[in-house]
Amino acid sequence: MIEPEWYQLKVDLTTSEGNVVKTSIDLRAGFVNKGDQSKIRSVMRRAEAGEPITVAFLGGSITQGSLSSTPDLCYASRVYAWWKESFPNSEITCINGGIGATDSQFGCARVAEDVLRYEPDMVQVEFAVNDDCNEHFLETCEGVVRQVLSALYPDGRTPALMLMYNVRYDNGASAELMHSKIARHYDLPAVSMRSTIYPLLLSGELENRDITPDDLHPNDAGHELVASVITYSLDEIRAADLPEPAKKSLPAPLTEDRYESYHRYRNNNSADILRVCEGFTADGEPQSGITDIFRNGWTAAEKGAYMEFELEAKVIGLQYRRTIQLPAPVATVTVDGNTEKTFILDANFDETWGDKLCLMTVLESEEKSRHTLRVELTETHSDDELPFYLVSVLAG
């Protein structure tokens with residue numbers, strides 16, 4: 001059993017300004033869904049026995065490590081450090097699959113390539129502040145979860161999975177309400193920052209700027225608190241006397257489950273769906289890691305340039321670049337020739353933090369059928385700083 005004093009963690013946090021803030025956090029409140037912990041405990045037993053293991057993180061900018069002063073101080077690196085310190089006889093590898101400003105819809109299209117191809121033993125998923133709290137993201141979160149839980153490696157291993165819920169520190173907003181439905185349906189362990197860190201702000205025990213400069217991304221002190229919530233749950237699992245996990249099939253989907261088969265098409269794998277390419281040029285520059293996001297797509301600068309795709313799908317999305325280098329071009333998308341219902345891909349970004357990988361959903365249907373997709377550059381300017389960049393087509 002975990003000793004009682006572990007439940008109330010006393011922390012001396014050093015803020016970005018160098019001030020030391022003393023606080024305590026009720027770590028018990030963070031383990032919001034205990035779920036079936038046996039898979040995680042099994043991974044720990046293997047690590048205790050000296051077997052090599054891989055831990056992976058999939059999420060947005062907080063997982064990537066945004067606003068931590070060094071990569072080693074973000075929550076994912078701190079949790080990885082817990083694994084290494086807890087199991088010194090095991091060779092432990094870390095895969096950080098965090099990409100800033102991305103949600104679980106994109107996660108469905110990239111979890112296989114960015115995480116599962118490394119055959120991780122333990123996967124942690126974090127999209128609660130990137131997803132909106134609605135039924136759409138309930139379905140896309142389920143798409144990620146079902147792909148992880150159905151993964152089967154050549155040696156017979158299957159990954160363990162934990163969900164985590166970050167929170168906006170100014171208003172408590174997150175998609176936890178929706179994501180927690182997935183955790184309960186699949187009996188998954190899940191941890192929450194809304195029930196642990198956020199109450200310290202509401203009570204005045206901490207000031208927002210002690211742990212976050214923008215009420216979303218933690219600073220070093222905030223990342224330390226996030227990691228403490230997660231590692232407490234891992235300590236609790238490690239101390240539990242749990243049997244080896246029973247083999248069980250996935251339950252029926254909670255949603256329509258259209259995103260479990262979501263796939264990403266770029267210029268290096270789209271030959272089967274690309275029918276026409278006039279005025280667009282394939283980007284052949286090599287991609288240097290998953291956060292080098294504007295790669296392997298297509299660019300165009302002349303009005304009238306267009307591409308046409310044909311594919312079978314229930315759901316289709318397009319990713320394109322929105323840039324802060326203004327002015328920028330605008331493209332129009334039509335599906336199945338329906339010019340009365342078009343989608344505008346406006347590359348002019350009205351934020352200042354940087355260029356964004358934007359995802360536009362252009363089709364959601366109950367039945368899979370063949371569709372045509374036309375992307376046409378319909379507005380350009382003589383002083384455009386950058387060409388229009390179509391990054392990928394997502395379909396499932």
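Above this note sits the structure.
Residues numbered from 1 in each chain as written. Predicted model: local features only at pLDDT ≥ 70, side-chain atom pairs only at ≥ 80, totals over all residues. Heavy atoms only, no water.

A. Spotlight on the nonpolar core. Counting 45 residues, the largest nonpolar core has Y75, W83, M193, I230 and L234 as its most contacted members. Those elements that provide at least two residues to this core are strand 2 (20–26), helix 1 (38–48), strand 3 (53–59), helix 3 (75–86), strand 6 (160–165), helix 7 (198–202) and helix 9 (220–239). No other element matches helix 9, which puts eight residues into this core. Not counting residues within four places of it along the chain, the set of residues in contact with Y75 comprises F57, I62, T63, Q124, E126, M164, H223, V226, A227 and I230. By size, the runner-up hydrophobic cluster in this structure holds 40 residues, among which are A109, V148, Y153 and V391. (Core = buried A, V, L, I, M, F, W, Y, C linked by side-chain atoms within 4.5 Å. Buried < 20%, exposed > 50% of the residue type's maximum accessible area, 1.4 Å probe, protein only. Helix = DSSP H or I, 4+ residues; strand = E, 2+ residues; numbered from the N terminus. Contact = heavy atoms within 4.5 Å.)

B. Structural context of empty space enclosed by the protein. Applying the stated rule across the entire model yields two cavities of 30 Å³ or more. Approximately 40 Å³ is the volume attributed to the largest cavity. Forming the boundary of the largest cavity are V125, F127, C141, L163, M164, Y165 and H179. Within the lining of the largest cavity, the residues separate by chemical class into six nonpolar, one polar and no charged. (1 Å grid on protein atoms, 1.4 Å probe; cavity = no way out; pocket = protein on both sides within 12 Å on 5 of 7 lines; lining within 4 Å. Points joined across faces, edges and corners; volume = space filled by probe spheres on them. Nonpolar A, V, L, I, M, F, W, Y, C, P; charged D, E, K, R; others polar.)

C. A look at the sheet that holds strand 4 (residues 92–98). Strands sit in the order 4-3-5-6-7 across an open sheet of five strands; the sheet is parallel. Two strands bound the open sheet, and with one partner strand each, they are strand 4 and strand 7 (190–192). Across the sheet, the mean angle separating the axes of adjacent strands is 15 degrees when strand polarity is ignored. Bridge analysis of strand 6 against strand 7 gives three bridges, and the strand direction is parallel. Each residue of the ladder has a partner; that of L163, found in strand 7, is A190. (Pairing = 2+ DSSP bridges. Axes fitted to C-alpha atoms, helices over the stretch in contact; angles between N-to-C directions.)

D. View of the environment of Y389. Structurally, Y389 is set in strand 16 (residues 388–395). Taking C-alpha positions, Y389 is 6.8 Å from A300, a pair spaced 89 residues apart along the chain. The contacts of Y389, once residues within four sequence positions are left out, are D283, F294, R295, N296, G297, W298, T299, Q319, Y320 and R321.

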